[in-house]
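# Fold and geometry: a report
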Amino acid sequence: TPMETSDTEEMEISSDNDKALDSTIDSGQQRAAAAAGTAERTLRWQFSQVKGTAWEAVNEQDIISCVEFNHTGELLATGDKGGRVVVFQRSDSGLYNVYSTFTSHEPEFDYLKSLEIEEKINKIRWLPGHYRANFLLSTNDKTVKLWRVSEKDRALEAVESDPNANAQALRLPRYVPAELIVEAAPRRIFANAHTYHINSISVNSDQETFLSADDLRVNLWHLGITDQSYNIVDIKPNNMEDLTEVITAAEFHPSHCHLFLYSSSKGSIRMCDMRQRALCDQHVGIFEEADDPSSRSFFSEIISSVSDIKFSHSGRYILSRDYLQLKVWDLNMATKPVEVYPVHEHFRRNLCALYENDSIFDKFECCWSGDDRLVLTGSYNNLWRVFDRQSGGADVTLEASREGVAPGSDLKPRRVVLSAAAKAAAAQSGAGQHAELLTADSLDLQKKILHLACHPKHNCVALAATNNLYLVVSPHN
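Quick caveat: nothing in here was measured; it's all calculated off a predicted structure.

Its identity is not glycine, yet Asn192 carries a phi of approximately 60°, on the positive side. Checked against the element boundaries, Asn192 lands in the loop between strand S11 (175-190) and strand S12 (200-203). Residue Asn192 is classed as exposed on the basis of its relative accessible area of 79%. Of note, the phi angle at Asn381 is positive, near 65°, even though the residue is not glycine. Taking relative accessible area as the criterion, Asn381 reaches 12% and is therefore assigned buried.

This part covers the sheet that holds strand S22 (residues 325-330). On the basis of which strands lie adjacent, the open sheet formed by four strands has the order S20-S21-S22-S23 and antiparallel pairing. The sheet terminates laterally at strand S20 (308-311) and strand S23 (339-342), the two strands that pair on one side only. With direction set aside, neighbouring strand axes in the sheet form an average angle of 15°. Examined bridge by bridge, S22 and S23 share four bridges and lie antiparallel to one another. Across the sheet, the residue bridging to Lys327 is Val340, located in S23.

Time to look at the layout of surface pockets. Approximately 1200 Å³ is the volume attributed to the largest pocket. Forming the boundary of the largest pocket are 48 residues, of which Lys120, Asn122, Lys363, Leu450 and His451 lie nearest the centre. Elements that contribute at least two residues to the lining of the largest pocket include exactly strand S2 (64-69), strand S8 (123-130), S12, strand S16 (247-252), S20, strand S30 (449-454) and strand S31 (460-465). For the lining of the largest pocket, the leading source of residues is S16, giving five residues. Taken together, the residues of the lining of the largest pocket sort by class into 16 nonpolar, 15 polar and 17 charged. Lining the second largest pocket are 32 residues, and of these Glu68, His71, Arg125, Glu251 and His313 sit closest to its centre. In terms of residue class, the lining of the second largest pocket is made up of 16 nonpolar, ten polar and six charged.

Now for the environment of Ala191. Inspection of the secondary structure puts Ala191 in the loop between S11 and S12. C-alpha of Ala191 to C-alpha of Gln228: the two residues are 37 residues apart in sequence and 8.9 Å apart in space. Once residues within four sequence positions are removed from consideration, Ala191 is found in contact with Thr143, Trp221 and Thr226.

Right, let's talk about the packing of aromatic side chains for a bit. Geometry of an aromatic ring pair is reported as the spacing of the ring centres plus the angle between the planes. If you walk through the whole model with that rule in mind, you get 18 aromatic pairs. Ring geometry for Phe190 versus Phe210: centroids 5.0 Å apart, planes at 75°, classification edge-to-face. With Phe190 in strand S11 and Phe210 in strand S13 (residues 209-213), this residue pair connects regions lying 20 residues apart in the sequence. Among the residues examined, Phe190 registers a relative accessible area of 1% and is labelled buried. A ring pair is formed by Tyr323 and Phe364, whose centres lie 6.4 Å apart and whose planes are at 55°; its orientation type is tilted. Taken as a pair, Tyr323 in the loop between strand S21 (317-321) and S22 and Phe364 in the loop between helix H3 (351-356) and strand S24 (366-368) lie far apart in primary sequence, 41 residues in all. Comparing Tyr323 with Phe364 shows no difference in burial state: the two are buried. Put simply, the rings of Phe298, Phe299, Tyr355 and Phe361 touch in pairs and so form one group of aromatic residues. The ring of Tyr317 carries Arg389 above its face, with NZ or CZ at 4.9 Å from the centroid.

On the surface, Phe298, Tyr355 and Phe361 cluster together into a nonpolar patch covering about 320 Å² of accessible area. One can find Phe361 in the loop between H3 and S24.

The subject of this paragraph is empty space enclosed by the protein. Tallied over the full model, the rule gives one cavity of 30 Å³ or more. Taken as a whole, the largest cavity holds about 40 Å³ of empty space. Around the largest cavity, the lining residues are Ile302, Ser305, Ser307, Asp322, Tyr323, Ile360, Asp362 and Lys363. Per-class residue counts for the lining of the largest cavity are three nonpolar, two polar and three charged.

Cut-offs used in this document
Residues numbered from 1 in each chain as written. Predicted model: local features only at pLDDT ≥ 70, side-chain atom pairs only at ≥ 80, totals over all residues. Heavy atoms only, no water. Helix = DSSP H or I, 4+ residues; strand = E, 2+ residues; numbered from the N terminus. Buried < 20%, exposed > 50% of the residue type's maximum accessible area, 1.4 Å probe, protein only. Pairing = 2+ DSSP bridges. Axes fitted to C-alpha atoms, helices over the stretch in contact; angles between N-to-C directions. 1 Å grid on protein atoms, 1.4 Å probe; cavity = no way out; pocket = protein on both sides within 12 Å on 5 of 7 lines; lining within 4 Å. Points joined across faces, edges and corners; volume = space filled by probe spheres on them. Nonpolar A, V, L, I, M, F, W, Y, C, P; charged D, E, K, R; others polar. Contact = heavy atoms within 4.5 Å. Phe/Tyr/Trp six-rings, centres within 6.5 Å; stacked < 30°, edge-to-face > 60°. Lys NZ or Arg CZ within 6 Å of the ring centre and 35° of its normal. Patch = residues over 30% accessible without salt bridge, like charges linked within 9 Å, V, L, I, M, F, W, Y side chains within 5 Å. Areas by Shrake-Rupley, 256 points an atom, 1.4 Å probe, with all protein chains shown as cover. Salt bridge = Lys/Arg side-chain N within 4 Å of Asp/Glu carboxyl O.

From the geometry alone we can't say anything about function, so treat these as descriptive.
Structure below.
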């Protein structure tokens, strides 16, 4: 009958809908399982190698102050407080060996201001390589230098001149094969443009200009002109008593040569467009969160100060680091970050003690992985954090240490808990099976990962821990 036929059709439709729903659920579960499996692989890291000494007594001059991969990842440069730059080259086995070592800066004295200028290398930035030569910029507090690092496998043959020889016996100098040497030579010195300490340098995507930033100004340089620069940002007030913030970092956009960012000690990030005006005293966008009056305290402005900013490789997002958090900003939404990752939230209750020992003023750097999937930063006790953006913020805490590790061995995750009681409760619940538990009070504040860099193509991270350089890799590349 028509009624029976209609019931049969409804049952068939209901059955088809159930099958479609089951299929959707299964595919969703498969995607979730695949994402979880990928997250597990991206958060699994192995020890590769360590450069430096294992001595407990550390010379102040040997402390690493910056780390930077070049654009291909074949070279890795570190700068230290002694003004030295060490360049490592990647071998066929994937390990990095010393390629060149040279002294970039030496201590100087400003007689007009009676100030000593330290030789410490604040930043290193690579320029795209040329045939058989690589170029990098290095800076201390006042002076930026352009270095050319090149190989030489030929030498000029010495020719003894004989004044009595005739023209037919004349021998001209010639180049002959010789032992390969790596030579670092200064090509440009950019000086006398900063009154305050330089905290950032960034190479423009046009490969002709770069910027240098200090506490109150950002200057634009041409790589071929050393005796003049152009001031593009100046936040110095007429009366220094009205000063409320300083510049903490600055960086060019990776593909748009007219855009750049600079961050401030008030927690804001400003984007400027050099096409609009010569002096970028008015920004085209400001990325900052509105203050919550209920949670404001004496330490709010200190912990909100941005210590580092990085554009993603795609140029769509901005990664910023303040004292307690990592934030990812979308260029199209300036009112709030699209992602927030707590780095060491357990220190929020100890801000007073951190203020008294000056640890609250530590400047931690951050970086993107080559595919922009992972964001990484450092913490205390030589701990460092990895966050997977595509897996709901899945994260892992690891430690840079020589103890109990061998090349190729997996790094055991760490987990920081607030107290010994919380550690005992977590251990009883079985949380300690997958991660080694540490209490916040037991963390060594003198051991810290302030500087780190990611390989541009592979999941390889270089970590600066005092005078040691750790290299770790992920099997998921």
